[in-house]
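A look at the structure
Listed below, chain by chain, are the residues.
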Amino acid sequence: MSLELSGVTVTFGRTDDPAPVLDGLDVTFEPGRMTALVGPSGSGKSTLLAVAGALLRPTAGQVLLDGEDLAALTDSQRAKARRERIGYMFQSGNLLSGLTATDQLLAAVYISGARPRAHRSRAEEALTRVGLGHRLRHRPEQLSGGERQRVALARALFLSPKLLLIDEPTAAVDRSQAGDLAALLAERAHQDHCVTVVATHDPVVAEAADRVVDMATLATDAVPAAR
């Protein structure tokens, strides 16, 4: 299973004077590896994630997840793909106020159409895997920035996605926690064997990745994986 973007173009602005954010992009991401997208603001990192996650339809090109073109699906099919095959970790964590860490994960189960109660023990296990076994009943305001990001990661991974997309995971995290979170992201990519793509400005995250894709030049360089 892989994610392949072929000839992907995304333009914004007026139709008579479009401004391309992505212009004929060709890139492939493999499972079991963490790829870091780097580059200056405006280089298209978040746009690439949105296109790959079926949140934004490209102006042109194909977005092939396991051979299926997400860009060609209907809106309802794209929503189904997001629920069943894609995990998205937003920069802010995007946790739901008032819900405990465990209930954050169970809310994702509810949205998928399953019965949350039957999945509580698995949700607690998922949080324990990211080091939050002692924070199961804590709400977002009771958690540190790093802990909130770990809850968001556990939620994104909870339904065993084939594709995990992560936007600036350490932007709201204390510097002392950034290395731990970056290592955790790499560990989960390797162990869960999902396609993992991380948009980041943080060199700590890039150093933990298996591969770095420079959006400014579309050059790719291998870097050591965190172990």
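Note that the structure is a prediction, hence the values are computed from the model and not measured. Throughout, a residue's number is its position along its own chain's written sequence, starting from 1. Two thresholds apply to this predicted model, a pLDDT of at least 70 for residue-level local features and 80 or more for giving and counting side-chain atom pairs, whereas whole-chain, interface and lining totals are computed over all residues. Side-chain metrics in this entry use all non-hydrogen atoms of the structure; hydrogen atoms and water are not considered.

1. Thoughts on the overall build of the protein
Counting secondary structure elements, the protein contains seven helices and 10 strands. In this description the radius of gyration comes from C-alpha coordinates, and the expected globular size is given by 2.2 Å times residues to the power 0.38. Against the globule reference of 17 Å for 227 residues, the protein gives a C-alpha radius of gyration of 17 Å, in line with a compact fold. Summed over its atoms, the accessible surface of the protein is roughly 10600 Å², and 49% of this surface lies on carbon and sulfur atoms. Note that His is not counted, nor are the chain ends; the positive residues are Lys and Arg, and the negative ones are Asp and Glu. By convention, the point assigned to a charge is CZ for Arg, NZ for Lys, CD for Glu and CG for Asp. The averaged location of the 27 negative side-chain charges in the protein is 9 Å from the averaged location of its 25 positive side-chain charges. For the purposes of this entry, the term helix denotes a DSSP run of H or I that reaches at least four residues, the term strand denotes a run of E that reaches at least two, and both are numbered from the N terminus. Note on areas: these come from Shrake-Rupley sampling with a 1.4 Å probe, and a residue is covered only by the protein chains present in the view.

2. Focus on the packing of helix H3 (residues 101–112) against helix H5 (residues 145–158)
Two elements in contact, H3 and H5, have axes separated by 9 Å at closest approach and are oriented at 30 degrees. Viewed along their axes, H3 and H5 adopt a mutual orientation that is roughly parallel. The way H3 lies across H5 gives a crossing that is right-handed. From H3, Ala-101, Gln-104, Leu-105, Ala-108 and Val-109 reach across to H5, where they touch Val-151, Ala-154, Arg-155 and Phe-158. Nonpolar residues are Ala, Val, Leu, Ile, Met, Phe, Trp, Tyr, Cys and Pro. Charged residues are Asp, Glu, Lys and Arg, and all others, Gly as well, are polar. Taken together, the residues of the contact of H3 with H5 sort by class into seven nonpolar, one polar and one charged. Angles here are taken between N-to-C directions and fall from 0 to 180 degrees, while the axes themselves are lines fitted to C-alpha atoms, restricted in helices to the stretch in contact. Should an angle fall under 35 degrees it is taken as roughly parallel, and over 145 as roughly antiparallel, whereas 65 to 115 is taken as roughly perpendicular and any remaining angle as oblique. Crossings are sorted by hand: turned counterclockwise from the far helix by less than a right angle, the near helix makes the crossing left-handed, and turned clockwise it makes it right-handed. In this analysis, two residues are considered to be in contact whenever any of their non-hydrogen atoms come within 4.5 Å of each other.

3. What to know about the pattern of salt bridges
Here, a salt bridge means any Lys or Arg side-chain nitrogen found within 4 Å of an Asp or Glu carboxyl oxygen. With the rule as written, the count across this model stands at 11 salt bridges. Lys-162 is the salt-bridge partner of Asp-66, the closest N and O atoms lying 3.2 Å from each other. Taken together, the residues span a long stretch of sequence, with Asp-66 in the loop between strand S4 (60–65) and strand S5 (68–69) and Lys-162 in the loop between H5 and strand S7 (163–167) at a distance of 96 residues. Burial status follows relative accessibility: with a 1.4 Å probe on protein chains alone, a residue under 20% of its type maximum counts as buried, one over 50% as exposed, and anything between as partly exposed. Looking at Asp-66, the relative accessible area reads 42%, which means it is partly exposed. One salt bridge in this structure joins Arg-129 and Asp-192, with 3.0 Å as the shortest N-O distance. Of this pair, Arg-129 sits in helix H4 (residues 120–129) while Asp-192 sits in helix H6 (residues 175–192), and the two are 63 residues apart along the sequence. Note on Arg-129: relative accessible area 41%, which makes it partly exposed.

4. A closer look at helix H1 (residues 45–52)
For H1, the tally of buried residues reaches seven of eight residues, placing the bulk of the element in the interior. Among the residues making up H1, those that are buried are Lys-45, Thr-47, Leu-48, Leu-49, Ala-50, Val-51 and Ala-52. Of the residues trailing H1, Ala-54 is marked for its positive phi of about 60 degrees.

5. Digging into the packing of aromatic side chains
Pairing of aromatic side chains here covers Phe, Tyr and the six-membered ring of Trp, requires ring centres within 6.5 Å, and sorts the geometry by plane angle: under 30 degrees stacked, over 60 edge-to-face, intermediate tilted. Enumeration over the complete set of coordinates arrives at one aromatic pair. Our definition puts a charge over a ring when NZ of Lys or CZ of Arg is within 6 Å of the ring centre and also within 35 degrees of the ring normal. Over the ring of Phe-158 we find Arg-122, and its NZ or CZ is 4.3 Å from the ring centre.

6. Focus: unusual backbone geometry
With phi around 60 degrees, Ala-54 is a residue other than glycine that occupies positive phi space. Here Ala-54 lies in the loop between H1 and S4. Unlike most non-glycine residues, Glu-168 shows phi in positive territory, near 45 degrees. For Glu-168, a relative accessible area of 10% puts it in the buried group.

7. Considerations on the confidence of the model for the protein
The predictor reports its confidence for every residue as pLDDT, a score running from 0 up to 100. With 93% of its residues at a pLDDT of 70 or more, the protein shows a mean pLDDT of 88. Put simply, strand S10 (residues 219–222) is where the protein has its lowest mean pLDDT, 41, and strand S3 (residues 34–38) is where it has its highest, 97. Segment residues 219–227: pLDDT under 50, and 27 contacts once partners within four positions in sequence are set aside and those in other chains are kept.

8. Topic: the pairing of strand S8 (residues 195–199)
The two faces of a sheet get side chains in turn, since along a regular strand they alternate between them. The buried fraction of S8 is high, at five of five residues. Residues Val-195, Val-197 and Ala-199 line one face of S8 and the alternating positions Thr-196 and Val-198 line the opposite face, and both faces are buried. Pairing analysis gives four bridges linking S3 to S8, with the strands arranged parallel. By the bridge assignment, Leu-37 is partnered in S8 with Ala-199. Bridge count between S7 and S8: five bridges; the pairing is parallel. If you follow Asp-167 over to S8, its bridge partner there is Ala-199. For the crossover from S7 across H6 to S8, the handedness is right-handed. For two strands to count as paired, DSSP must find a minimum of two bridges between them. Here, the term right-handed applies to a crossover whose path from the first strand over the helix to the second runs clockwise when the strands point away from the viewer.

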